[in-house]
Amino acid sequence: QVQLVESGGGLVQAGGSLRLSCAASGRTFNFYAMGWFRQAPGKEREFVAGIRRNGVTTFYADSVKGRCTISRDNAKTMVYLQMNSLKPEDTAVYFCAAKMTLDYIATEGIEYDYWGQGTQVTVSS
């Protein structure tokens, strides 16, 4: 089993930055590809960013490309999402997710096996 706990959300003005963190515990952390997803009120959950086990290969949704950076520290069993130039449309609950099988970055949430509880990000205009 893997437990995921997100932190770092909050209220920020448009143009500001936030760094989300996800602390993983349980089974061997570096066996998993990791992803960040978000869900805004009344909208479907959507993929934001993903990172493979090696910590080098990453992939981003077009909506955040160039503004967000995903990273991981396997020694600390942490994954991060640095978000810059935030926009009101980035407002959502952000979730960390872990994938157990096949080392590729999946953009569909159903392919992830473990999820955190989420952290709220609110961007004011």
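Residues numbered from 1 in each chain as written. Predicted model: local features only at pLDDT ≥ 70, side-chain atom pairs only at ≥ 80, totals over all residues. Heavy atoms only, no water.

Caption draft 1: Region of the structure containing the state of the cysteines. Across all of its chains, the model carries one disulfide by this definition. There is a disulfide in this structure between Cys22 and Cys96, and the S-S distance comes to 2.2 Å. In this structure, the disulfide formed by Cys22 and Cys96 twists by about -80° around the S-S bond and is classed as left-handed. Within this pair, whereas Cys22 is found in strand S3 (residues 18-26), its partner Cys96 is found in strand S9 (residues 92-99), the two being separated by 74 residues in sequence. Side by side, Cys22 and Cys96 carry an identical accessibility label, which is buried. With no disulfide of its own, Cys68 lies 14 Å from the sulfur of Cys96, the closest cysteine sulfur. (Disulfide = S-S within 2.5 Å. Helix = DSSP H or I, 4+ residues; strand = E, 2+ residues; numbered from the N terminus. Buried < 20%, exposed > 50% of the residue type's maximum accessible area, 1.4 Å probe, protein only.)

Caption draft 2: Highlighting the nonpolar core. With 36 residues, the main nonpolar core has Leu4, Trp36, Leu81, Met83 and Tyr94 as its most contacted residues. Elements represented by at least two residues in this core include exactly strand S1 (2-7), S3, strand S4 (33-39), strand S5 (46-51), strand S7 (68-73), strand S8 (78-83), S9 and strand S11 (119-124). Looking at this core, the element that brings in the most residues is S9, giving five residues. Not counting residues up to four positions away in its chain, the partners in contact with Leu4 are Cys22, Ala23, Ala24, Met34, Cys96, Ala97, Ala98, Tyr114, Trp115, Gly116 and Gln117. (Core = buried A, V, L, I, M, F, W, Y, C linked by side-chain atoms within 4.5 Å. Contact = heavy atoms within 4.5 Å.)

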